[in-house]
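Fold and geometry: a report
These are the residues of each chain, in order.
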Amino acid sequence: MSNWIILSIGFLAQTLFSSRLIIQWLTSEKQKRVITPTLFWTLSLIASFLLFIYGYLRDDFAIMLGQSLTYYIYIRNLQLQNQWKTYHVSVQWILLLMPVFVIVFYFNNNEIDTVKLFKNEAIPLWLLILGIVSQVVFTLRFVYQWMYSEKHKESSLPFGFWALSLIGSLLILTYAIYRVDYVLLVGHSLGATIYIRNLLILKKQDA
């Protein structure tokens, strides 16, 4: 597949990720408190799937790992906001099974590609480790958010979510610079700015 198609998929995913943050940020600025609109989770779900595909096409295990860990958390938040049931049952099943289908199709298509992912000559071992650590930290924000939301029985984005987002984003920016990945570089540059702004809003909100 040509590079411009791969980059187009990556930039589309990052555009959707950035759009969700901008929508969340503008809504929060208007309400003077941190808000979690339903569209945030819908865009997250679509963007996560696209970025997973982008990671596979670039043979980038770190990206694939990060997206596979958060995909179903996005669905759970839609359930907590009572929006998941508004989707037609066929759409629900497609969204639930699509990641499994992709994994089975790509990784069990007559050959196992795990060696290719872990021994990519374009990514030195130390950089792969940095990428994995970055994605794990960035993913932990949604694990924390999910546990927090389950405890409070509502979908919300607490202070810890934004703090982990900022730390993970800065690590991924470092990875993107060494990896020369413009998709990650553009997406997380904007993201880091919005994470800082949400931390400031929360600090003022709790004051």
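Counting from 1, residues in each chain are numbered in the order their sequence is written. Per-residue local features of the predicted model are confined to residues with pLDDT of at least 70, and side-chain atom pairs are confined, for both listing and counting, to 80 or more; whole-chain, interface and lining totals are unaffected and use all residues. With hydrogens and water set aside, each side-chain value is computed from the structure's full complement of heavy atoms.

1. Focus: the packing of helix 1 (residues 3-31) against helix 2 (residues 38-57)
- Axis definition: a line fitted to C-alpha atoms, limited for helices to the stretch in contact. Angles are taken between N-to-C directions and run from 0 to 180 degrees. What counts as a helix is a DSSP run of H or I of at least four residues, what counts as a strand is a run of E of at least two, and both are numbered from the N terminus. Two elements in contact, helix 1 and helix 2, have axes whose closest approach is 8 Å; the angle formed by their N-to-C orientations is 155°. Considering the angle they form, helix 1 stands roughly antiparallel to helix 2. When you trace helix 1 past helix 2, the crossing you get is left-handed.
- Class assignment of the residues belonging to the contact of helix 1 with helix 2 gives a composition of 19 nonpolar, six polar and one charged. Throughout, the term roughly parallel applies to angles under 35 degrees, roughly antiparallel to angles over 145, roughly perpendicular to angles from 65 to 115, and oblique to all others. The sense of a crossing depends on the near helix, which, turned anticlockwise from the far helix by less than a right angle, makes the crossing left-handed and, turned clockwise, makes it right-handed. Think of it as three bins: nonpolar holds Ala, Val, Leu, Ile, Met, Phe, Trp, Tyr, Cys and Pro, charged holds Asp, Glu, Lys and Arg, and polar takes everything else, Gly as well.

2. Description of a nonpolar patch on the surface
- In this analysis, a patch consists of residues with relative accessible area above 30% that form no salt bridge, clustered at 9 Å for like charges and at 5 Å for the nonpolar side chains Val, Leu, Ile, Met, Phe, Trp and Tyr. Computed with a 1.4 Å probe, the accessible areas rest on the Shrake-Rupley method; for each residue, only the protein chains presented here act as cover. Salt bridges, as used here, are contacts in which a Lys or Arg side-chain nitrogen is within 4 Å of a carboxyl oxygen on Asp or Glu. A cluster of nonpolar residues, Leu7, Phe11, Val180, Tyr182 and Val186, forms a patch on the protein surface that exposes about 460 Å² of accessible area.
- Going through the elements one at a time, helix 1 and helix 8 (182-206) are the ones with two or more residues in the nonpolar patch.

3. So, the side chain of serine 48
- Note that serine 48 resides in helix 2.
- Only protein chains enter the calculation, and the probe is 1.4 Å; a residue is then buried if its accessible area is under 20% of its type maximum, exposed if over 50%, and partly exposed in between. The exposure class of serine 48 is buried, given its relative accessible area of 1%.
- A contact between two residues is defined here by any heavy atoms of the two lying within 4.5 Å. Apart from residues no more than four positions distant in its own chain, serine 48 is found in contact with Phe17, Gln67, Thr70, Tyr71 and Tyr74.

4. Focus: unusual backbone geometry
- Even without glycine at this site, lysine 153 takes up a positive phi of about 60°.
- By the element assignment, lysine 153 lies in the loop between helix 6 (125-152) and helix 7 (159-179).
- Take lysine 153: its relative accessible area is 66%, and that puts it in the exposed class.

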